[in-house]
Amino acid sequence: MTIRISGTGSALPQRTVTNTELTELVDTSDQWIRERTGIGERRISTGETVAALAADACRQALNMAGKTASEVELILVATCTPELLLPCCGCQVQSMLGASQAAAFDLNAACAGFLFALDTVYAYLKAGIYRNALVVGSEVISKLVDWSDRSTCVLFGDGAGAVFVEAANEDVICENGRTAGVEALLQGADGSKGSVLSCQERPVQNPFLPEQPEACAGPYVHMDGREVYKFATRQVPACILAALEQAELTVEDVDLFLLHQANERIIAAAAKRLGAELDKFPMNLQRLGNMSSATIPVLLDELNRAGRIHKGDRLVLSGFGAGLTYGATVLVWG
């Protein structure tokens, strides 16, 4: 038994913010941002919420799959930027969709969150606990960004991407002879490096503390860009190679690599380390920036709707995020 992605969807805020607009906020330039990141513009929420974006992306995925909300058995939302701590975003999405039969909860692995959520759903479906699920990565990370910090505010954008996943009890053999479904998956974390990409929550503060805590530095993303770059360019290729080895495959067996859209230079470095052509690494970060857990499912939806993914294509989904977390999933599109 494996799983099949039968529907994809995505949702983006209406507001586009260009690099030129950011020059009015911080000391930067369009050229400086493009040379270091590849990003030219991004979508920024002017009121769209994590839950609303997630629900819109889920509706599109359901529509493509030909399913109704009442048929959904599980909703898993990957996010690190929910509007509410309680209730979880998954339950909000369940309510918005009217998916009253679905269990729902959240998962936070930062930018690697969608991969972790997809792998979690794979385990649920393989165990026979559920027969289908909506998996969505949704973020409004712009609310965690210090818009006076040039090193972070130029990087991020907001959005959501979703997939509808079904259990496939019988093998689906594609025309090229490949069997559709997940072939390998790998997850990992290095908590010892967690401080290089972090964002504080509220400290413990109650009447029973002997001393009141110091004021929080602010709920903003703090990043050591150099260390994140070193980690990503080393760990992502290593993770991909390990997942391919698990499936007894090589880099040459892969049709497309869908990597977390954090930085064009990171993706180019990963391609070089893998010895793969860069044209196998589609990118949309030029238009959308780093949307954290939403980057991979939004890219997947764009490629799917553009007809750039075909039955039998072998895809590698891979990313990294705060934690530091990382993962890779090898699958044949069916």
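Residues numbered from 1 in each chain as written. Predicted model: local features only at pLDDT ≥ 70, side-chain atom pairs only at ≥ 80, totals over all residues. Heavy atoms only, no water.

## A closer look at the pairing of strand β13 (residues 325–332)
Taken residue by residue, a regular strand's side chains alternate between the two faces of the sheet. Counting buried positions along β13 gives eight out of eight residues, so the element sits mostly inside the fold. Of the two faces of β13, the one carrying Thr-325, Gly-327, Thr-329 and Leu-331 and the one carrying Tyr-326, Ala-328, Val-330 and Val-332 are both buried. One ladder, built from eight bridges, connects strand β12 (residues 314–321) with β13; its direction is antiparallel. Note on β13: the bridge partner recorded for Ser-318 is Ala-328. As consecutive antiparallel partners, β12 and β13 are separated by three residues, and within that stretch Gly-323 has a phi angle of approximately 145 degrees, a positive value. (Buried < 20%, exposed > 50% of the residue type's maximum accessible area, 1.4 Å probe, protein only. Helix = DSSP H or I, 4+ residues; strand = E, 2+ residues; numbered from the N terminus. Pairing = 2+ DSSP bridges.)

## Some thoughts on the nonpolar core
In this structure, Ile-240, Leu-244, Phe-257, Leu-259, Phe-281 and Phe-320 are the most contacted members of the largest nonpolar core, which totals 46 residues. Counting only elements with at least two residues in this core, the list comes to β8 (181–189), α7 (225–246), β11 (256–259), α8 (264–274), β12 and β13. Take this core: its biggest share by element is eight residues, from α7. The residues contacting Phe-281, other than those within four sequence positions of it, are Phe-257, Leu-259, Ile-267, Ala-271, Leu-274 and Ala-276. Membership of the second largest hydrophobic core comes to 32 residues, among which are Leu-74, Phe-114, Tyr-122 and Leu-299. (Core = buried A, V, L, I, M, F, W, Y, C linked by side-chain atoms within 4.5 Å. Contact = heavy atoms within 4.5 Å.)

## Observations concerning the side chain of Ser-10
Considering the arrangement of structural elements, one finds Ser-10 in strand β1 (residues 2–11). In terms of polar contacts, Ser-10 uses its side chain to reach the side chain of Asp-301, at 2.6 Å. (Polar contact = N/O pair within 3.5 Å; in protein donor to acceptor, adjacent residues only side chain to side chain.)

## Examining the pattern of salt bridges
Tallied over the entire structure, the rule returns 14 salt bridges. Ionic pairing is found between Glu-166 and Lys-67, a salt bridge with its closest N-O pair at 3.4 Å. Here Glu-166, found in strand β7 (residues 159–168), pairs with Lys-67, found in the loop between α3 (50–65) and β4 (74–78); they are 99 residues apart in sequence, far enough to count as distant. The buried category is assigned to Glu-166, whose relative accessible area is 18%. Looking at Lys-67, the relative accessible area reads 27%, which means it is partly exposed. Residues joined by salt bridges that share partners form a network here, namely Arg-4, Lys-67 and Glu-166. (Salt bridge = Lys/Arg side-chain N within 4 Å of Asp/Glu carboxyl O.)

## Regarding the sheet that holds β11
Strand order in the open sheet made by the four strands is β8-β13-β12-β11, with mixed pairing throughout. On the outer flanks of this sheet lie β8 and β11, each paired with one strand and no other. Ignoring which end each strand starts from, the neighbouring axes of this sheet average 10 degrees apart. As paired elements, β8 and β13 share eight bridges and run antiparallel to each other. (Axes fitted to C-alpha atoms, helices over the stretch in contact; angles between N-to-C directions.)

## Focus: the packing of aromatic side chains
Throughout the structure, instances matching the rule amount to four aromatic pairs. Between Tyr-124 and Tyr-130, the ring centres sit 5.4 Å apart and the planes meet at 65 degrees, which makes this aromatic pair edge-to-face. Relative accessible area serves as the criterion here: at 26%, Tyr-124 is assigned to the partly exposed category. Taken together, a centroid distance of 4.6 Å and an interplanar angle of 5 degrees make the contact between Phe-257 and Phe-281 stacked. Here Phe-257 is found in strand β11, whereas its partner Phe-281 is found in the loop between α8 and α9 (285–288), with 24 residues between them in sequence. Classification of Phe-281 by relative accessible area gives buried; the value is 2%. (Phe/Tyr/Trp six-rings, centres within 6.5 Å; stacked < 30°, edge-to-face > 60°.)

Read these as spatial facts, not as claims about activity.
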